Amino acid sequence: MQDEQRHVDYVLVYQYKKANRKGLSTRHRGSIGSRQQEPETDPPLQPSDFPDDDKRMRRDEFELNLLESGLELESDEETKAYGLGFVKIHAPWHVLCREAEFLKIKMPTKRVYEVKQKTGILSKISNIGHKMASPLRPKVQEDDSEFKNLSYPFSREKKHLFDLSDKDNFFTSTTRSTIVYEILKRATCTRAKYSMGITSLIASGVYTAAYPLHDGHYSGDPTEQNDRKLLYKEWARYAIFYKFQPLDLVRKYFGEKIALYFAWLGVYTQLLIPASIVGIIVFLYGCATVNQNIPSMEMCDERANITMCPLCDKTCSYWKLSTTCATARASHLFDNPATVFYSIFMALWAAMFLEHWKRCQMRLIYKWDLAGFEEEEDHPRPEYEAKVLNKVLKKELQMKEETEKEKLTWRDRTPAYITNIVAVLFMIGLTFAIVFGVIMYRISIAAAMAVSSDTYAKANSRVIVTATAVIINLVVILILDEVYGSIARWLTIIEIPKTDKSFEEKLIFKAFLLKFVNAYSPIFYVAFFKGRFAGRPGKYTYIFHDMRMEECAPGGCLMELCIQLSIIMLGKQLIQNNLFEIGVPKLKKLIRYIKAKREAKLETDNNFKAPRQYETDYNLEPFAGLTPEYMEMIIQFGFVTVFVASFPLAPLFALLNNVIEIRLDAKKFTSELRRPDATKAKDIGIWYDIIRGIGKLAVIINAFVISFTSGFIPRLVFMYLYSPDNTLHGFTNNTLSYFNVSHFEQGSEPYEPMALGYKVEICRYKDYREPPWSPEAYDLSKEFWSVLAARLAFVIIFQNLVMFMSDFVDWMIPDIPKEISERMSKEKSLLVDLFLKEEQTKMHIVEVLEVLSSQEKERTEENIDDSPKENEEEPVANCTDGVASSRSQLINAGPEVI
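Note that this is a predicted model, so its numbers are computed, not measured.

### Comments concerning the sheet that holds strand β1 (residues 10–15)
Strand pairing within a sheet occurs via backbone hydrogen bonds; the two strands may be parallel or antiparallel. Read from one edge of the open sheet, 4 strands run β2-β3-β1-β6, paired in antiparallel fashion. One side of each edge strand has no neighbouring strand; the edge strands of this open sheet are β2 (72–76) and β6 (209–211). Across the sheet, the mean angle separating the axes of adjacent strands is 15° when strand polarity is ignored. Pairing analysis gives 3 bridges linking β1 to β6, with the strands arranged antiparallel. Looking at the pairing, V11 lines up with Y211 of β6. Together, β1 and β3 (84–90) form the strand contacts of helix α7 (residues 173–186), whose direction differs from that of β1 by roughly 45°.

Printed below as a string of structure tokens:
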């Protein structure tokens, strides 16, 4: 503040027309008294000035209410930022005490107890691990003491329980800003016609921004230390990517809700390490055994001379199976017996991750004194209250009386609900339509490349078509992600949720549903639909009468699924999560800098001042919530778990991305964003339920991928039912059916039947069907039904087995660590003992005072009976004063008398 003694706990920003504000700047500068003085003369108002004047009057009323609540305000309009006014708010000690008691903020008491430490071998192992991990810990003060202060909700009646020797630092800057923000939300403004305060005024444009200040600059003089600079140095730099996060300092500076996000992201990233290691081992196993894989060796054997049926009508000709040798060998890298093991491992990994996170969360709840914290009902949102107000006004105009408190009913929300349902279904249909369009692209490009004169493109047409189609899908996904995010917000706004919490939950549900469908629909098509409805030679399935449905390669669609998943996952992480998060904030910052520099030129050199902290913070990007941060990680979690059977390296790429993501988000929070309002939270909210749902879905999807997309089940059935020597020799020939080329439909036969240099009478295609010389030609064979039964049985067994193992892990591992539950119980008992002793102390004081009072009364009666003389009155008075002094000392001593 101007006196350089009081801290600025919060800042309000508003815009004004400087040319029309002469005489008002004096009124808005200075101390509390100056805020209540009216200017002697105001400039004459023009009709165009009425909206600004109305905003000024609303600000005056609102700020007067803030003064009445005990806050201290100062205003500054003569700043470098042209046309901006800043209201600095300071909360004095008595306001902080009052609001801390009202909000039931837990504060550490004087009472300290010893935390039970590990003993014996566990203690030695813990000490060794602590020393070994010392290079990984950031250089910040950690709360690893053997002693811990008891915490208790602050109470003005129990001030003696707390250490108030340093009142300036008793309440942290985060707590102070939280208290001020609660007052700002409660303060009323009748001109604004809402019962809420600052949120409605910002929504109506009376104020443009409201934010707490950062502790200082994150760079500059290294001798001037603050929490922001320490966070930037020990947390937000890419060079320290290998170090742990200073979560206690993050919580102190940003609050529990943001600290829990980074704690969850840290736990998720750490557990990706074992998943990545196992995924690499599975991939290396595929590389090591590719030369011993019998099916791929059979496909690569040119001596087999297997002629395959055309891939498209007319323009495509017959081709050799050996031309798919490279694809078959590559498929084995991701489609091998280790894939099943890895799918089971990742399902159990997801369960272990959730259990481990719950235990880590309980440790943080205990450490951060969040035990027993219950979120109170939020204040109604300004849009909700505006809707209620309009409803009341309409009824007043219709002369209808209301006896109950007005609120929005289902009738008021029905149009919004219908709009939401229709819009969400339309967006999902749009996503499917785009996927269908990409399918049409694949079919047409494949047919065009089949008649191409370029031999290289013709030989690699399948890979080229797949890669280009995936890139198109990626571009569409990136665009629709931004569109769907905006649409989900708009749909939630028109639904008018009552509180911010319900608004956030509804927004998360809609955005996640739309983005999930958008990101995974192309992958679902390749995994479960491509090649399933293509038909057979002579009786293919057509789209628009002339476009034949595409088929999978003879080696299966798993390799194509791997390409699809890897490109979309890596593209989203590289372009959307990193490039956008780095580039867009930098671009916005540059635009704000150019704008501020241009506006600074409008000021004269004499009026130039160095920017204050509140001006610098205003130029930062506003905090938009944690929903985008969680969303990108949850979508990534889906890539890691849902289709991990087709891409074992997904956890590795997720790990590499998250190592950068943590530092990127940390840098963004410390240097690119305004300081967010500190919010208490004891969990990650609805995101935990979403993660749990994805984990359950992953088990089912992986079971179907292994069963229907990979060749694991057909190979297993062949080995144990049809192979004469229980090996895979002859497997490729068993999976290919025969077709007589004379049975082609009229007009669908190839233009060049002699492309291979000889006349083809019988061609092969991948399916389980009877040969053309069979009485039931081209009907599904008994091998098909055997494989289908085995696939369904595998899905049921796999799903139930993994679900049982996951539930067993959930049951076996307690949610609350044993030592944490013991410490919580110990704290409760110590608090009970503390207050019992306090009551005993009070009773002791009362008894002593009663004894002293009775003695005083007896002496007074004796003096009256003895008729004291005038010169004897002085000793009696001295005795009375002594008793009063003793009483005062006992009262002041309080519970410390014991």
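This is not the end of the story, as more comes after the structure.
### Quick look at α7
The terminal C-alpha atoms of α7, which comprises 14 residues, lie 20 Å apart, in line with the 20 Å expected from a rise of 1.5 Å per residue. For α7, the tally of buried residues reaches 11 of 14 residues, placing the bulk of the element in the interior. Listing the buried residues of α7 in full gives T174, T175, R176, S177, I179, V180, Y181, E182, I183, L184 and K185.

### Observations regarding the nonpolar core
Ranked by internal contacts, the top residues of the largest apolar core, which has 168 residues, are L12, W264, Y268 and F643. The greatest single-element share of this core, amounting to 16 residues, is contributed by helix α11 (residues 256–288). If we ignore the near neighbours within four places in the chain, the residues touching W264 are F353, W357, Y630, M633, I634, I684 and I691. Ranked by size, the runner-up nonpolar core spans 10 residues in total, among them V424, I428, L514 and V517.

### A word on the state of the cysteines
This model, assessed by the stated rule, comprises 3 disulfides. The disulfide that involves C309 links it to C763, with 1.9 Å between the sulfurs. Here C309 and C763 share a disulfide; its torsion about the S-S bond, 85°, makes the bridge right-handed. Linking C309 in the loop between β7 (307–308) and β8 (319–320) with C763 in strand β14 (residues 762–766), this pair joins segments that are 454 residues apart in sequence. The burial state of C309 is the same as that of C763; both residues are buried. Residue pairing for C312: its cysteine sulfur links by disulfide to C316, the two sulfurs lying 1.6 Å apart. Its torsion about the S-S bond being 90°, the disulfide of C312 and C316 is classed as right-handed. Looking at C312, the relative accessible area reads 11%, which means it is buried.

### Section: the packing of aromatic side chains
Under the counting rule described, the total for this entry stands at 55 aromatic pairs. With a centroid separation of 5.6 Å and an interplanar angle of 20°, the aromatic rings of W264 and Y268 are classed as stacked. Separated by 4 residues within a single helix, W264 and Y268 lie in helix α11, roughly one turn from each other. Of the two residues examined, W264 and Y268, each falls in the buried class. Taking the centre distance of 6.5 Å and the plane angle of 90° together, the rings of F528 and F704 count as edge-to-face. You can see F528 sitting in helix α19 (residues 500–529) and its partner F704 sitting in helix α24 (residues 686–709), a full 176 residues away along the chain. Of note, R548 hangs over the ring of Y540, and the distance from its end group to the ring centre comes to 3.5 Å. Here R675 stacks its cationic end above the ring of Y253, 3.9 Å away from the centre of that ring.

### A short note on the pattern of salt bridges
When the charged atoms of two side chains lie near each other, side chains of opposite charge can form a pair. Overall, the coordinates contain 34 salt bridges when judged by the stated rule. The shortest N-O distance in the salt bridge between D60 and R56 comes to 3.4 Å. Pair noted here: D60 and R56 are both in helix α3 (residues 50–68), with a separation of 4 residues, about one helical turn. Neither D60 nor R56 differs from the other in exposure class; each is buried.

### A word on the packing of α19 against helix α22 (residues 627–641)
Relative orientation of the contacting elements α19 and α22 amounts to 35°, with a least axis distance of 11 Å. Seen from above, α19 lies across α22 with right-handed handedness. The residues of α22 that touch α19, namely those facing E504, I508, A511, F512, K515, F516, A519, Y520 and I523, are T627, M631, I634, I635, G638 and F639. Looking at the contact of α19 with α22 residue by residue, the classes come out as 11 nonpolar, 2 polar and 2 charged.

### Things to note about a nonpolar patch on the surface
Among the surface-exposed residues, L587, L590, I591, Y593 and I594 lie close enough to one another that they form a single nonpolar patch of about 510 Å² accessible area. Examined against the element boundaries, L590 turns out to sit in helix α20 (residues 558–600).

Scoring rules and cut-offs
- Residues numbered from 1 in each chain as written.
- Predicted model: local features only at pLDDT ≥ 70, side-chain atom pairs only at ≥ 80, totals over all residues.
- Heavy atoms only, no water.
- Pairing = 2+ DSSP bridges.
- Helix = DSSP H or I, 4+ residues; strand = E, 2+ residues; numbered from the N terminus.
- Axes fitted to C-alpha atoms, helices over the stretch in contact; angles between N-to-C directions.
- Contact = heavy atoms within 4.5 Å.
- Expected span 1.5 Å × (residues − 1).
- Buried < 20%, exposed > 50% of the residue type's maximum accessible area, 1.4 Å probe, protein only.
- Core = buried A, V, L, I, M, F, W, Y, C linked by side-chain atoms within 4.5 Å.
- Disulfide = S-S within 2.5 Å.
- Phe/Tyr/Trp six-rings, centres within 6.5 Å; stacked < 30°, edge-to-face > 60°.
- Lys NZ or Arg CZ within 6 Å of the ring centre and 35° of its normal.
- Salt bridge = Lys/Arg side-chain N within 4 Å of Asp/Glu carboxyl O.
- Left-handed = near helix turned anticlockwise from the far one by under 90°.
- Nonpolar A, V, L, I, M, F, W, Y, C, P; charged D, E, K, R; others polar.
- Patch = residues over 30% accessible without salt bridge, like charges linked within 9 Å, V, L, I, M, F, W, Y side chains within 5 Å.
- Areas by Shrake-Rupley, 256 points an atom, 1.4 Å probe, with all protein chains shown as cover.

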